[in-house]
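As a plain string of letters, each chain reads:
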Amino acid sequence: MKKFLSIVFLFGIFLTTGLSALADDAADAKAFFESYVNAANNYSPTIESMYSPKAKIIRQVVKPDGGLVDVTTDTATYMKQMKLGQAGAKLRKYKNNYSNITVTKAGDGYKVSSLRQPSGETYKLKTYMIVKKQPDGKWLITEEMMQTKQQVFLKYADKK
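Residues numbered from 1 in each chain as written. Predicted model: local features only at pLDDT ≥ 70, side-chain atom pairs only at ≥ 80, totals over all residues. Heavy atoms only, no water.

### Observations regarding the overall build of the chain
Consideration 1: In terms of helices and strands, the chain carries two helices and six strands.
Consideration 2: Taken from N to C terminus, the helices and strands of the chain fall in the order α-β-β-α-β-β-β-β.
Consideration 3: Within the chain, the fraction of its 160 residues that count as buried is 31%.
Consideration 4: Counting only contacts in the chain whose residues sit at least 6 apart along the sequence, the fraction spanning at least 24 positions is 49%. (Helix = DSSP H or I, 4+ residues; strand = E, 2+ residues; numbered from the N terminus. Buried < 20%, exposed > 50% of the residue type's maximum accessible area, 1.4 Å probe, protein only. Contact = heavy atoms within 4.5 Å.)

### Quick word on the environment of Gly67
Consideration 1: Looking at the element boundaries, Gly67 is found in the loop between strand S1 (51-62) and strand S2 (68-74).
Consideration 2: By relative accessible area, Gly67 is classed as partly exposed at 25%.
Consideration 3: When near neighbours in sequence (up to four residues on either side) are disregarded, Gly67 contacts Val61 and Val62.

### Observations concerning the nonpolar core
Consideration 1: Within the largest apolar cluster, 22 residues are counted, with the highest numbers of intra-cluster contacts made by Tyr36, Ile47, Met50, Tyr51, Met129, Val131 and Ile141.
Consideration 2: Among the elements of the structure, helix H1 (2-41), S1, helix H2 (75-92), strand S4 (109-118), strand S5 (125-133) and strand S6 (139-148) are those that each provide at least two residues to this core.
Consideration 3: With six residues, the top contributor of residues to this core is H1.
Consideration 4: Once residues lying within four places of it in the same chain are set aside, the contact partners of Ile47 are Tyr36, Ala39, Ala40 and Met82. (Core = buried A, V, L, I, M, F, W, Y, C linked by side-chain atoms within 4.5 Å.)

In short, geometric facts, not functional conclusions.
Shown next as structure tokens:
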């Protein structure tokens, strides 16, 4: 009986330690997301280093009729587009506010989902990013999806 209780006790310790590590990583993933929001809203050049070089970037265009069109691009193209748009956005003091932020385990990373409200707008759009902790401890965005009402992105959509 003593041996059985020892095994149960050790199992409980391992389980608690494992759950604590998962909770810590989820909190770290959320903190990384918050640092991303801060960097993006302040037009920091560090934003580029927050993405994996092979990240999947999805802009989900919300059409006037409510239809959705996914426009997928690679990190390098997205960074070029972002840099082009930053100058005008900075002049307009454009920022995004995020609400309903949730963090869930997704494979070997975490999915951070939220609603994004562009400055000056009353509507909110869905967004998520998959973030993964690298072997060196650094967090990177490996996938990002943001809805947008900007119809200009449709010109980049695959014509099927």
